[in-house]
Amino acid sequence: MKKVLVTGGTAFVSRYIAEYYVGKGYDVSVLNRNTKKQSDGVRLIEADRYHLGDRLRDLHFDVVIDTGYTAKEVELLLDALGSYENYVFISSSAVYPDNLPQPFAEETPLAENTYWRKYGTDKIEAEAVLQKRDPDAFIIRPPYLYGPMNDIYREAFVFDCAMADRPFYLPGDGSLKLQFFHIQDLCRFLDILLERKPEQHIFNVGNPEMISVRDWAGLCYRAAGKTAEFVNVQEAVEQRNYFSFCEYEYQLDVTRQCALMPDAKPLEEGLSEAFAWYRQNQDQVEKKPFFDYIDMYLK
């Protein structure tokens, strides 16, 4: 039985990964402070990542899946680990600067992104520490992740609009394009990396095709059994006040991912799964006051 350590394990990405590997019959440990409900089937290592002491020293893991944010977090975890075979760091597309040509390839120089700022530079520094300490580690750079357990108010906001029979307020003409990746596809790709051990150790991941926010919102309504009615917001309004994403269009080159995993979950299917989960777990999503802003300033 493979032994897996997942840092976190109580929110979207880390929780889904932990439950995914529990479902595969692995021995899954999660490392967190035990301030939220734990998933069934995991082994809790209750500790603050910044004060690990000897909690991990006598343990062995076949794979460590790290969803950390900073170089310090990576350093402390590596210092605290006893022995492990494989290390996977879930990084982000935020490491690519917004002023370079797209699509971003894995070799694109990393630098501050003016939209993501510290989040992106922290991930850059974390990657650098990991590559220096463990050159064999894998680094994954996803775009927007979605699917069951997503506690970020993205597709859930559109589902709320649909269930309330509200029109959807689109920024501009709705042509802004986004790139997504289903959380299950992320886990499937992790499986492939751990099985095949490719020579390349840094991978962009994501659906090869992008989608306009208008078409994406329409699919979210369809997942909820509704048809979207749109209102185009043409005024000079900060779209993060009423919309789930900032005004930034980017694309990752996922050619190398597709060579290893040519099939990805269709977005319509993935959003249907996301809605089925959200309908039963609405209290697990941290909602933003988009409706208040829309009703006060745009309606």
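Predicted model only: the values in this text are computed from it and were never measured.

How each quantity is defined
Residues numbered from 1 in each chain as written. Predicted model: local features only at pLDDT ≥ 70, side-chain atom pairs only at ≥ 80, totals over all residues. Heavy atoms only, no water. Helix = DSSP H or I, 4+ residues; strand = E, 2+ residues; numbered from the N terminus. Expected span 1.5 Å × (residues − 1). Contact = heavy atoms within 4.5 Å. Axes fitted to C-alpha atoms, helices over the stretch in contact; angles between N-to-C directions. Parallel < 35°, antiparallel > 145°, perpendicular 65-115°, else oblique. Nonpolar A, V, L, I, M, F, W, Y, C, P; charged D, E, K, R; others polar. Core = buried A, V, L, I, M, F, W, Y, C linked by side-chain atoms within 4.5 Å. Buried < 20%, exposed > 50% of the residue type's maximum accessible area, 1.4 Å probe, protein only. Pairing = 2+ DSSP bridges. Phe/Tyr/Trp six-rings, centres within 6.5 Å; stacked < 30°, edge-to-face > 60°.

**With respect to helix α3 (residues 118-133)**
- In a regular helix each residue adds 1.5 Å, so 16 residues correspond to 22 Å; α3 covers 22 Å between its end C-alpha atoms and thus fits that length.
- If you follow the buried residues of α3, they end up packed against α2 (71-80), β5 (83-90) and β6 (138-141).

**Looking at the packing of α2 against α3**
- Where α2 meets α3, the closest approach of the two axes is 7 Å, and the angle between their N-to-C directions is 30°. In terms of axis orientation, α2 runs roughly parallel to α3. Contacts between α2 and α3 pair A71, V74, E75, L78 and D79 from the former with D122, E125, A126, V129, L130 and R133 from the latter.
- Taken together, the residues of the contact of α2 with α3 break down into six nonpolar, no polar and five charged.

**Thoughts on the nonpolar core**
- Counting 80 residues, the largest nonpolar core has I17, I140, F168, F180, L186 and W216 as the members making the most contacts within it.
- For this core, the element with the highest residue contribution is helix α5 (residues 183-196), accounting for eight residues.
- When sequence neighbours within four positions are dropped, the list of residues in contact with I140 reads V88, F89, I90, S91, S92, L186, F189, L190, L193, F203 and V205.
- By size, the runner-up hydrophobic cluster in this structure holds 22 residues, among which are I45, V64, A71 and V129.

**A word on the packing of helix α4 (residues 155-163) against helix α8 (residues 267-280)**
- Packing of α4 against α8 brings their axes to within 10 Å, and their N-to-C directions diverge by 75°. Judged by the inter-axis angle, α4 sits roughly perpendicular to α8. Facing E155, A156, F159, D160 and M163 of α4, the residues of α8 in contact are L271, A274, F275 and Y278.
- For the contact of α4 with α8, the residue count by class is seven nonpolar, no polar and two charged.

**Focus: the sheet that holds β6**
- Pairing is parallel in the open sheet, where seven strands are placed in the order β3-β2-β1-β4-β5-β6-β11. The open sheet has two edge strands with one neighbour each: β3 (43-46) and β11 (202-204). Direction aside, neighbouring strands of the sheet carry axes that sit 20° apart on average.
- Pairing analysis gives three bridges linking β5 to β6, with the strands arranged parallel. Each residue of the ladder has a partner; that of F89, found in β6, is I139.
- α3 rests against β5, β6 and β11 of the sheet, and its axis sits at about 155° to β5.
- The strands that α5 touches are β4 (60-66), β5, β6 and β11; relative to β6, the one it contacts most, it runs at about 155°.

**Examining the packing of aromatic side chains**
- Enumeration according to the criterion identifies 28 aromatic pairs in this entry.
- A centroid spacing of 6.2 Å and a plane angle of 55° characterise the contact between W116 and Y119, whose relative ring orientation is tilted.

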